[in-house]
Amino acid sequence: MKKIIFFVAMLFTFMACDTHKVAILKLSSNTLQMTIGDMDILEAEPNEAGIVWTSSDVNVATVDNGIVTAVGVGYSTISATLGKMSAECQVYVVGSKGETLSLTPDIVPLKKGDTYQYTYTSTYDLPLEWTSSNPEIASVNEKGVVSALKGGNTTITLSNGLEEVSSRVAVEHTWSEYALVWSEEFEGSTLNTQNWTIEVNGNGGGNKELQYYTDRLENLRVEDGCLVIEARKEEYNNRQYTSGRINSRDKQYFKYGKIEARIWMPAGGGTWPAFWMMGNDYSKVGWPKCGEIDIIEHVGNQPRMASFATHTPEKNGTRGNNWSSRAYMDGLEENYHVYGIEWLEDDFNGMDRIYFTIDGEQLAMTQELMEHVDENTYWPFNKEHFIILNLAIGGNMGGQVDDSIFDNPILMKVDWVRVYQRQEIE
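Residues numbered from 1 in each chain as written. Predicted model: local features only at pLDDT ≥ 70, side-chain atom pairs only at ≥ 80, totals over all residues. Heavy atoms only, no water.

Once that is clear, we can look at the overall build of the chain. Scanning the chain from N- to C-terminus turns up 3 helices and 36 strands. Dimensions of the chain, computed from C-alpha atoms along their principal axes, come out at roughly 130 × 50 × 45 Å. The proportion of buried residues among the 426 residues of the chain is 47%. When the accessible surface of the chain is summed, it comes to about 21,500 Å², and 48% of that surface belongs to carbon and sulfur atoms. Of note, the chain has its 34 positive side-chain charges centred 4 Å away from the centre of its 60 negative side-chain charges. (Helix = DSSP H or I, 4+ residues; strand = E, 2+ residues; numbered from the N terminus. Buried < 20%, exposed > 50% of the residue type's maximum accessible area, 1.4 Å probe, protein only. Areas by Shrake-Rupley, 256 points an atom, 1.4 Å probe, with all protein chains shown as cover. Lys, Arg positive; Asp, Glu negative; His and termini not counted. Charge placed at Lys NZ, Arg CZ, Asp CG, Glu CD.)

Before going further, it helps to examine the environment of Ile246. Secondary-structure assignment places Ile246 in strand β25 (residues 245-247). Between the C-alpha atom of Ile246 and that of Leu391, which follows or precedes it by 145 residues, the distance is 9.8 Å.

What follows covers the side chain of His311. As for its position among the elements, His311 is in strand β30 (residues 305-311). When its relative accessible area of 9% is taken as the criterion, His311 is described as buried. What His311 contacts, discounting residues up to four positions off in sequence, is Trp287, Pro288, Gly291, Glu292, Asp294, Asn316, Gly317, Asn322, Pro380 and Phe381. (Contact = heavy atoms within 4.5 Å.)

The next point concerns the packing of aromatic side chains. For the structure shown, the criterion picks out 16 aromatic pairs. Ring centres of Trp264 and Tyr336 lie 5.7 Å apart, and the angle between their planes is 70°; this geometry places the pair in the edge-to-face category. In this pair, Trp264 is assigned in strand β27 (residues 257-264) and Tyr336 in strand β32 (residues 336-348), connecting sequence segments 72 residues apart. Against the face of Tyr336 rests Arg262, its NZ or CZ located 4.3 Å from the ring centre. Here the guanidinium or amino end of Arg418 rests over the ring plane of Trp416, the centre of that ring lying 3.9 Å away. (Phe/Tyr/Trp six-rings, centres within 6.5 Å; stacked < 30°, edge-to-face > 60°. Lys NZ or Arg CZ within 6 Å of the ring centre and 35° of its normal.)

A cis amide bond links Thr104 to the next residue, Pro105, at an omega of 0°. Geometrically, the link from Trp287 to Pro288 is a cis peptide bond, its omega value of 10° lying close to zero. Among the structural elements, Pro288 can be located in the loop between α2 (282-285) and β29 (292-298). Located in the positive-phi region is Asp250, a residue other than glycine, with phi close to 65°. Mapped onto the elements of the fold, Asp250 is located in the loop between β25 and β26 (253-254). Of note in this structure, Tyr256 is not a glycine but carries a positive phi near 70°. A residue is classified by how much of its surface remains accessible, and Tyr256, at 11% relative accessible area, is buried.

Time to look at a nonpolar patch on the surface. On the surface, a cluster of nonpolar side chains totalling about 300 Å² of accessible area is made up of Met39, Ile41 and Ile67. Counting through the fold element by element, Ile41 comes out in strand β3 (residues 39-41). Ile41 gets classed as exposed once you look at its relative accessible area, which sits at 54%. (Patch = residues over 30% accessible without salt bridge, like charges linked within 9 Å, V, L, I, M, F, W, Y side chains within 5 Å. Salt bridge = Lys/Arg side-chain N within 4 Å of Asp/Glu carboxyl O.)

Time to look at the environment of Met278. In this fold, Met278 is placed in strand β28 (residues 271-279). Sequence-wise, Met278 and Ser307 are 29 residues apart; in three dimensions their C-alpha atoms are separated by 17 Å. Setting aside its immediate chain neighbours within four residues, Met278 contacts Trp287, Cys290, Gly291, Glu292, Glu384, His385, Phe386 and Ile388.

Moving on: the environment of Ala80. Assignment of secondary structure puts Ala80 in strand β8 (residues 74-82). Separated by 38 residues in the primary sequence, Ala80 and Leu42 have C-alpha atoms spaced 9.5 Å apart. When sequence neighbours within four positions are dropped, the list of residues in contact with Ala80 reads Leu25, Leu27, Ile51, Val52, Trp53, Met85, Ser86 and Ala87.

Below, the discussion takes up the pairing of strand β17 (residues 152-159). Extensive coverage of β17 is indicated by the burial of 7 of its 8 residues. Inspection of the sheet shows strand β14 (residues 129-132) paired to β17 by 4 bridges, in the antiparallel sense. Considered in β17, the bridge of Trp130 is made with Leu158. In the sheet, β17 pairs with strand β18 (residues 164-171) via 8 bridges, with the strands oriented antiparallel. Residue pairing for β18: Gly152 is matched across the bridge by Val171. Connecting β17 to the next strand, β18, in antiparallel fashion are 4 residues, including Gly161 with a positive phi near 90°. (Pairing = 2+ DSSP bridges.)

A few words now on the sheet that holds strand β11 (residues 107-110). In space, the 4 strands of this open sheet follow the order β11-β18-β17-β14, with mixed pairing throughout. With one partner strand each, in any of the chains shown, β11 and β14 form the two edges of the open sheet. This sheet shows a mean twist of 20° between the axes of neighbouring strands, independent of strand direction. (Axes fitted to C-alpha atoms, helices over the stretch in contact; angles between N-to-C directions.)

Averaged over the chain, the pLDDT score is 92; the fraction of residues at 70 or greater is 94%. Considering only residues more than four positions removed or in separate chains, one finds that residues 1-22, a stretch of pLDDT under 50, has 1 contact. (pLDDT = per-residue confidence, 0-100.)

Going through the model one piece at a time under the given rule, you end up with 13 salt bridges. Here Glu234 makes a salt bridge to Arg216, at a shortest N to O gap of 2.4 Å. Taken together, the residues span a long stretch of sequence, with Glu234 in strand β23 (residues 226-236) and Arg216 in the loop between β21 (211-213) and β22 (220-223) at a distance of 18 residues. Put simply, Asp403 and Lys233 hold a salt bridge, and the shortest N to O gap is 3.6 Å. Here Asp403, found in the loop between α3 (395-398) and β36 (410-421), pairs with Lys233, found in strand β23; they are 170 residues apart in sequence, far enough to count as distant. You can call Asp403 partly exposed: its relative accessible area is 32%. The class for Lys233 is partly exposed, based on a relative accessible area of 41%. What you see here is one network of salt bridges that share partners, running through Arg216, Arg221, Glu223, Glu230, Arg232 and Glu234.

Below is the structure:
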């Protein structure tokens, strides 16, 4: 008799356990993050007929037999009910551009020691997390207060666990005065090959130029305290003209500062003298990834004209969309002038700028775009560049050559090249 009672008691225990199991309704997800227009499926366990699906806010998310559709920004609770059992899923919906968080402004310029309180909004009552990509430049606390510590750029990010928004903090640098860090005075009678490489080729420079660059004294020499590059009309290695070109690649290269040269420009149709720079990683990444800064280009077919330009992977001459500017002045040809750039780090709201100068006067300027700061595709000018001096003949920019100009020597003379830099004061 006791055995029967024990068996019945155990049977009721098992039945109670089974009843407990089926009394729980589960959903395949407790939380969904969706974008307007998205659809997702919630599966119920047990999956039985008669489940009633509801949404606490149909303006945010609708549900039909477990199929959830995001229709508006906000928060909604999706509920599944079967008899006395129920389960819920929290649905967070953002817009296509993200609308649950906002952070203003997009950029905050500060000086060292400054603090700034961000303005922000949050659609959901969720914990917020603030971070700085470089807390040594500027830190941020849990309330969104930024403290500027050191010159440079950092990105402040606000996250609610579902999405994030960001803003850039640009802390102003404190600089010393400029100091001369390198110069080439072209003294003596030979070119200093510790500083320069003489290019020898007839490949047209990628610009359909007509000259052959040689290392002969007829085309390139140092005399009377100047580098002299002479273009000549003569047959040489299947070319009709010769000239000279030197560069300082892997020998002298610089990042930021004032880079200047005192140059005598030749005159005459078809001449194309230039003082310019390319990234010292040219041999690894090639052009235009290395970046190119044309400090000055002159075209003999356009007297009085000085051309300034930059070339990047995104905007370059082969695409026809590179940045360029021109200035016009009397006495540009067959006179000495100082051509240069002032190449500045984080000069305006954390963006680099390059100013182009003649005789110290700023005549043009280009800068990074705020949305592409430190992206080399758009601004490959935050790395070392080397210097190039050359006198091309003809080509895409040089144009038609007037051979009569060679009745007199066609000379580009460089008195000196100098580089000035400044140091950051901590």
